[in-house]
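# Working through the structure, step by step
Residues per chain are reported as follows:
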Amino acid sequence: MAVTRRDLLSLSAAGLVAGTARAAAPPDGVPARPYLTPAKDFADVSRGSPVPHSLKGDALVKAGLTPATWKLDITAEDKATFRKPLSLDFKSLLRLGEKHGVKFLKAMQCNNIPRPLGQGLWEGVPLRVLLNLCGEMNNVRRVFYHGFHNNEPKQMFRSSLALSQVLDGPPGELPPFLAYRLNGEPIPLVRGGPVRMIVPWAHGFKSIKWLQKITLTNDHKTNDTYADANNDPESYLKTAAYFDETRHQTFGPGPVLIRGTCMVGWPGLQRVEYWLRADDGRKAADDDPTAEWKACVIDPPPADFGARGIWGFDDAGKPKEWPLRYSIAHWSLLLRGLKPGEYEIRVRTVDKNGFAQPEPRPYQKSGKNAVQVKKFTRK
Ligand SMILES: Nc1nc2c(c(=O)[nH]1)N[C@H]1C(S)=C(S)[C@@H](COP(=O)(O)O)O[C@H]1N2
Ligand SMILES: [Mo]
């Protein structure tokens, strides 16, 4: 991969040298990393045997997982009541979308995997629009929702939200929604189509695929499938940086290019920084007070987003903040003048509250945000 002199200048002009993280185009000759992940290329986290997306033909029709056979039922249990039970088909959902539709960039990340699974442009209808159709409610404290399963407990996957998380929210924030489009296309079966829940601020386990059933309940407990296994079932997406290539690499002469992705979680992203040290065989601590952290460069917004009514963008198609919360940002780092030898490098994010990764919540079962360490050889 050739990095030209012009590239070096553009990176230094963009703040690498000055030590501030500003947007800069990736260097020439370095392929730009796609901002959206094609639906089929997301890393897949799905329970069940067989997994719902392996069903075909009649089995798919019987499962109600084609647009023509899909149906959503909203019912109540326990002491919860509401006036009008709702059964909605796919066409009616799309019709609601014409009036109430939202568009949202979200990176899917599993609570237990230290990198985003993929990033999509999701379109759908806020769940609160559907609940408004249900009439007066009483004794409803939580909303549970389920994906398709073969009546096999092993395959069951459910999640839940407090009723207020569905109905309320600060202005300008997006509520949980039922998505029916991904990257401008119908959501394919493999990504949880025809309809999938999207919870903007949450890890993947709240974004139930193959959604078919919503239950309003008086139960106040967060009995999500992911409440098992010591996970924090109310975790918010964390801001954290990840290397594109975590394994050891050997670089020849010339500038060393290191790239990665960061997840911009609820606390937003202020900057991405790295700490490079000679690998002398001694172990270093991630929070070594003598470490010298320096800025990486964050890629600019994709040029072709336009004014498409996407959350976080103004009418002229400009993002209101960059990088955007709940999506990914790509970062790059060009290291020049390295002497031949063994090196060790760490990256971390600093969020908009000023917390450096993994603070303030280093509990790894609420999202994997440990500081990554990479080793490399410069020949
Ligand atoms: N119905 C159903 N929905 C599900 C799951 C599942 O197993 N079944 N897995 C969840 C988990 S744990 C994650 S991390 C995301 C992964 O989304 P993806 O497969 O689209 O990348 O889907 C969530 N939705
Ligand atoms: Mo997950």
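Here we summarise the structure given alongside this text. (Residues numbered from 1 in each chain as written. Chains lettered and ligands numbered in written order. Predicted model: local features only at pLDDT ≥ 70, side-chain atom pairs only at ≥ 80, totals over all residues. Heavy atoms only, no water.)

## Digging into the pattern of salt bridges
If you walk through the whole model with that rule in mind, you get 25 salt bridges. A salt bridge links Arg247 to Glu245, with the shortest nitrogen-to-oxygen separation between them at 2.9 Å. Judged by its relative accessible area of 59%, Arg247 is exposed. Residue Glu245 is classed as partly exposed on the basis of its relative accessible area, which comes to 24%. (Salt bridge = Lys/Arg side-chain N within 4 Å of Asp/Glu carboxyl O. Buried < 20%, exposed > 50% of the residue type's maximum accessible area, 1.4 Å probe, protein only.)

## A few points about the pairing of strand S4 (residues 102-108)
Of all seven residues that make up S4, six are buried, and the element is covered over most of its length. In this sheet, strand S5 (residues 118-126) lies alongside S4 in antiparallel orientation, the contact comprising seven bridges. Opposite Met108, over in S5, you have Gly118 as the bridge partner. (Helix = DSSP H or I, 4+ residues; strand = E, 2+ residues; numbered from the N terminus. Pairing = 2+ DSSP bridges.)

## Quick notes on the sheet that holds strand S15 (residues 256-263)
If you walk across this open sheet you meet the four strands as S13-S15-S19-S18, and the pairing is antiparallel. One side of each edge strand has no neighbouring strand; the edge strands of this open sheet are strand S13 (240-243) and strand S18 (297-298). In terms of strand pairing, S13 meets S15 through four bridges, oriented antiparallel. Bridge pairing links Phe243 to Gly260 in S15.

## Describing helix H3 (residues 90-100)
Of all the residues in H3, the buried ones are Phe90, Leu93, Leu96 and Gly97. An end-on view of H3 places all buried positions within 120° of arc, on one side of the element. In this structure, H3 carries Lys91, Arg95, Glu98 and Lys99 as exposed residues pointing more than 90 degrees from its buried face. Buried positions along H3 lie against strand S3 (86-89), S5, helix H4 (127-132) and strand S9 (177-182). (Arc of directions from axis to C-beta. Contact = heavy atoms within 4.5 Å.)

## Brief notes about the site of ligand 1
The full set close to ligand 1 counts 20 residues, and Ala43, Arg47, Arg191, Arg196 and Lys209 are the nearest of them. In this structure, an oxygen atom belonging to ligand 1 sits 2.8 Å away from a side-chain N or O atom of Arg196. One nitrogen or oxygen atom from the main chain of Ser207 is found 3.1 Å from a nitrogen atom belonging to ligand 1. Isolated, ligand 1 exposes 530 Å² of accessible area, and the fraction of that covered by the protein chains is 99%. Here the residues of the shell around ligand 1 are counted per class, giving 11 nonpolar, four polar and five charged. (Near = heavy atom within 4 Å. Polar contact = N/O pair within 3.5 Å; in protein donor to acceptor, adjacent residues only side chain to side chain. Areas by Shrake-Rupley, 256 points an atom, 1.4 Å probe, with all protein chains shown as cover. Nonpolar A, V, L, I, M, F, W, Y, C, P; charged D, E, K, R; others polar.)

## Re the side chain of Lys238
Tracing the chain through its elements places Lys238 in the loop between strand S12 (211-217) and S13. Among the polar contacts made by the side chain of Lys238, one reaches the main-chain carbonyl oxygen of Arg361 at a distance of 2.7 Å. A polar side-chain atom of Lys238 sits 3.3 Å from the main-chain carbonyl oxygen of Gly367. Once you skip the residues sitting within four places of it in the chain, Lys238 turns out to touch His203, Met263, Gly265, Arg361, Pro362, Tyr363, Ser366, Gly367 and Asn369.

## Considering the environment of Gln109
Within the secondary structure, Gln109 is located in the loop between S4 and S5. A C-alpha to C-alpha distance of 9.7 Å links Gln109 and Val45, two positions 64 residues apart in sequence. Leaving out residues up to four positions away in the same chain, Gln109 has contacts with Pro114, Arg115, Pro116, Leu117, His203, Gly204, Leu237, Tyr242, Met263 and Lys368. Among the polar contacts made by the side chain of Gln109, one reaches the main-chain carbonyl oxygen of Ile113 at a distance of 3.1 Å. A distance of 3.0 Å separates polar atoms of two side chains, one belonging to Gln109 and the other to Tyr242.

No statement about biological role is implied by the geometric values presented.
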